[in-house]
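Reading the structure
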Amino acid sequence: MEKKSPEPPEEASQSRDSSRDNQTWITAQNILREKLITEDCFAWKLQAGSKEEEALRYVGGVDISFSKDDPSRACGTLVVLDFHTLQVLYQDFSLVTLQVPYVPGFLAFREAPVLLQLLEKMKRSNNPFYPQLLMVDGNGILHPRGFGLACHIGVEANLPTIGIGKNAMRSTQGSIKPIFISIGHKISLQTAIMIVQMTCKYRVPEPIRQADIRSRDYIRKLEANAKVK
DNA sequence: GCGACAG
DNA sequence: ATCTTGTCGC
């Protein structure tokens, strides 16, 4: 039951009243938000209890990197890591030309389609590493209307998601650079924080960091080859 | 009028 | 997001 995304606001930058243009997107977010689950809702356990219990093993990460030449050229990336070894088990990339602009508060309408497509592709192929949990580069309920990119992807993909922000909206920088963890879908903040801490070798949790690194690497090498033509 | 505004 | 070098330190 695939639905087409709502049309983007017309000329979000120059129209007379952008708040009215964004109404379509606001409505879409409000409708999707009704499906949001803000507590733990999954079959797996953090630690393998008995043989019968399902353990968390596959943690996904998604990110998008952009061309330095053409700002509309982007590379959507999905990686899946082993929860305990933090080794990358799966990676996939999708080159796209984005038509939807980035509008603060509406990041999902620009970035979610590519990322959801990568997830669907993996699920359709019955890949055994399909993530049990997904970490998203962007905020979850830490959002003006409580429905950021991580919530959007979580609801549409029906997956537990955690939002990882590197910059908080409307806040000032502290002396140290923090990350901002907010729940996306089907998970509690307490569990989300625990899982993030367990997957952090550096500042940013590995699933996001690997998606970030590999995504940037992929589009960089691609444009390097194009120059050698 | 000025500053802020996930990626 | 991207534009951008070297540098200090484990």
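Notes on the structure follow. Note that the structure is predicted; figures quoted are calculated from it, not measured.

It is worth spelling out the packing of helix 3 (residues 107–124) against helix 4 (residues 149–157) at this point. Where helix 3 meets helix 4, the axes come as close as 10 Å, and the angle between the chain directions of the two elements is 40°. If you check the angle between helix 3 and helix 4, you find them oblique. As helix 3 runs across helix 4, the sense of the crossing is right-handed. Counted together, L107, A108, E111, A112, L115, L116 and L119 of helix 3 and L149, H152, I153, E156 and A157 of helix 4 form the full contact between these two elements. Taken together, the residues of the contact of helix 3 with helix 4 break down into nine nonpolar, one polar and two charged.

Lining the immediate surroundings of DNA strand B are 18 residues, of which Y102, L107, N139, G148 and N167 lie closest. Its residues placed into classes, the surface near DNA strand B shows seven nonpolar, eight polar and three charged.

Turning our attention to the sheet that holds strand 3 (residues 88–97). Pairing in this open sheet of six strands is mixed, and the strands run 3-2-1-4-5-6 from one edge to the other. Because the sheet does not close on itself, it has two edges, and the strands there are strand 3 and strand 6 (180–185). Looking at each pair of strands side by side, their axes are set apart by 20° on average, direction ignored. Looking at chain direction, strand 1 (residues 58–66) and strand 2 (residues 73–82) are connected through nine bridges and run antiparallel. Residue D63 lies in a different strand from strand 2, and its bridge partner there is T77. Along the sheet, helix 4 contacts strand 4 (133–137), strand 5 (161–165) and strand 6; its crossing angle with strand 6, the most-contacted strand, is approximately 25°.

Analysis parameters
- Residues numbered from 1 in each chain as written.
- Chains lettered and ligands numbered in written order.
- Predicted model: local features only at pLDDT ≥ 70, side-chain atom pairs only at ≥ 80, totals over all residues.
- Axes fitted to C-alpha atoms, helices over the stretch in contact; angles between N-to-C directions.
- Helix = DSSP H or I, 4+ residues; strand = E, 2+ residues; numbered from the N terminus.
- Parallel < 35°, antiparallel > 145°, perpendicular 65-115°, else oblique.
- Left-handed = near helix turned anticlockwise from the far one by under 90°.
- Contact = placed C-beta atoms within 7 Å.
- Nonpolar A, V, L, I, M, F, W, Y, C, P; charged D, E, K, R; others polar.
- Near = placed C-beta within 6 Å.
- Pairing = 2+ DSSP bridges.

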